[in-house]
Amino acid sequence: MGGNLHDSSQSIPLEPGQRIPVVVHAPDPISREGVISQLRQHPVVDLVEEADAPKEGVALLLADSPDPASLTWLRRVVRQSSLRPVLVVSQIREADILDVFELGVGAIVWRHEATSQRLLRAVRAAHRGQGELPSDLLGRLISQVGSLRTVAVRPSGVQPSGLSPRETDVLRLAADGLGTAEIAVKLSYSERTVKNIMQGLTTRLALRNRTHAVAYALREGYIS
């Protein structure tokens with residue numbers, strides 16, 4: 001089972017009757033139908049075509065790896081809609097790791113782990129703007145970010161105001177894979193306080209989600 005940067009999505013119920021619109025994109029139509037078949041098992045998922053996608057929902061990209069064509073599609077989705085991306089891939093090259101996270105991808109599933117329940121968990125996490133990452137990929141992110149700190153470029157719109165001690169503490173624990181409830185216990189905060197801290201810093205620094213916030217804090221040297 002992969003690691004995560006959030007509480008289990010199954011502990012975050014949707015509103016009664018609410019469904020999550022999901023667009024599935026894949027270069028291989030057979031693989032696409034396979035994922036659609038798995039997602040169709042869950043009543044909470046509303047499978048839609050890209051042309052009919054509403055302003056809020058999830059875009060699931062299935063590929064062997066985030067190749068240029070896949071990343072181009074992903075950039076277009078991020079820029080032209082409010083769909084939150086999920087990646088289902090066999091591998092991610094080191095050169096693509098930061099690009100993927102800075103495009104707002106917070107939920108990633110390895111293809112060999114892409115069971116029906118695993119896909120649902122990633123979709124629900126992305127819909128909430130949270131993160132769901134394989135633990136081995138999180139380790140690679142931390143390693144790569146550490147080597148790039150000296151040449152890092154701040155996200156668009158970010159001011160050099162830094163992070164407060166409370167924000168740093170929350171992000172450090174999030175980078176260790178703790179969810180909101182666990183962070184609250186560790187820091188003796190309420191869960192609402194932890195959520196407000198995370199929401200405040202992502203809004204102020206123009207970051208897309210919790211995973212992007214952790215990547216930013218690692219890259220800038222605020223946490224290690």
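Up top you'll find the structure we're talking about.
Parameters at a glance
- Residues numbered from 1 in each chain as written.
- Predicted model: local features only at pLDDT ≥ 70, side-chain atom pairs only at ≥ 80, totals over all residues.
- Heavy atoms only, no water.
- Helix = DSSP H or I, 4+ residues; strand = E, 2+ residues; numbered from the N terminus.
- Buried < 20%, exposed > 50% of the residue type's maximum accessible area, 1.4 Å probe, protein only.
- Contact = heavy atoms within 4.5 Å.
- Areas by Shrake-Rupley, 256 points an atom, 1.4 Å probe, with all protein chains shown as cover.
- Pairing = 2+ DSSP bridges.
- Right-handed = clockwise from strand over helix to strand, strands pointing away.
- Axes fitted to C-alpha atoms, helices over the stretch in contact; angles between N-to-C directions.
- 1 Å grid on protein atoms, 1.4 Å probe; cavity = no way out; pocket = protein on both sides within 12 Å on 5 of 7 lines; lining within 4 Å.
- Points joined across faces, edges and corners; volume = space filled by probe spheres on them.

A. Fine view of the overall build of the protein. Within the protein, the regular secondary structure consists of nine helices and five strands. Each helix and strand of the protein, ordered N terminal to C terminal, gives the series β-α-β-β-α-β-α-β-α-α-α-α-α-α. Burial analysis of the protein (224 residues in total) assigns 51% to the buried set. In the protein, once contacts between residues fewer than 6 apart in sequence are set aside, the share between residues at least 24 apart is 75%. For the protein, the exposed area adds up to about 10,700 Å²; of that, 49% sits on carbon and sulfur atoms.

B. Region of the structure containing the environment of Glu167. With respect to the helices and strands, the residue Glu167 is situated in helix 6 (residues 165–175). For Glu167 and Ala217, which are 50 residues apart along the polypeptide, the C-alpha to C-alpha distance reads 9.6 Å. Dropping the residues within four chain positions of it, Glu167 is found in contact with Gly162, Ile197, Leu201 and Arg204.

C. Structural context of the pairing of strand 1 (residues 20–25). For strand 1, the tally of buried residues reaches five of six residues, placing the bulk of the element in the interior. The pairing of strand 1 with strand 2 (residues 45–47) spans three bridges and is classified as parallel. Residue pairing in the sheet places Val22 in a bridge with Leu47 of strand 2. Remark: the strand 1/helix 1 (residues 29–39)/strand 2 crossover connection has right-handed handedness. Bridging between strand 1 and strand 3 (residues 56–63) involves four bridges; their strand directions are parallel. Across the sheet, Val22 pairs through a bridge with Val58, a residue of strand 3.

D. A look at the sheet that holds strand 1. Pairing is parallel across the open sheet formed by five strands, whose spatial order is 2-1-3-4-5. The outermost strands of the open sheet, each flanked by one partner alone, are strand 2 and strand 5 (107–110). Each strand of the sheet is rotated relative to its neighbour by a mean of 30 degrees, with strand direction disregarded. Direction of pairing for strand 3 relative to strand 4 (residues 82–89): parallel, over a ladder of eight bridges. Its bridge partner lying in strand 4, Ala59 is registered against Pro85. Relative to strand 4, helix 4 (residues 116–127) is tilted by about 150 degrees, and along the sheet it contacts strand 1, strand 2, strand 3, strand 4 and strand 5.

E. Geometry of helix 9 (residues 210–220). Burial runs high along helix 9: 10 of the 11 residues are buried. Among the residues of helix 9, Arg210, Thr211, His212, Ala213, Val214, Ala215, Tyr216, Ala217, Leu218 and Arg219 are the ones counted as buried. Looking one or two residues beyond helix 9, the residue adopting positive phi is Gly221, at roughly 85 degrees.

F. Representation of empty space enclosed by the protein within the structure. Evaluated as defined, the whole model comprises one cavity of 30 Å³ or more. Roughly 40 Å³ of internal volume is contained in the largest cavity. Considering the residues around the largest cavity, the lining is formed by Arg84, Pro85, Gly104, Gly106, Ala126, Gly129, Gln130 and Asn209.

These results come straight from atomic positions and should not be treated as a statement about function.
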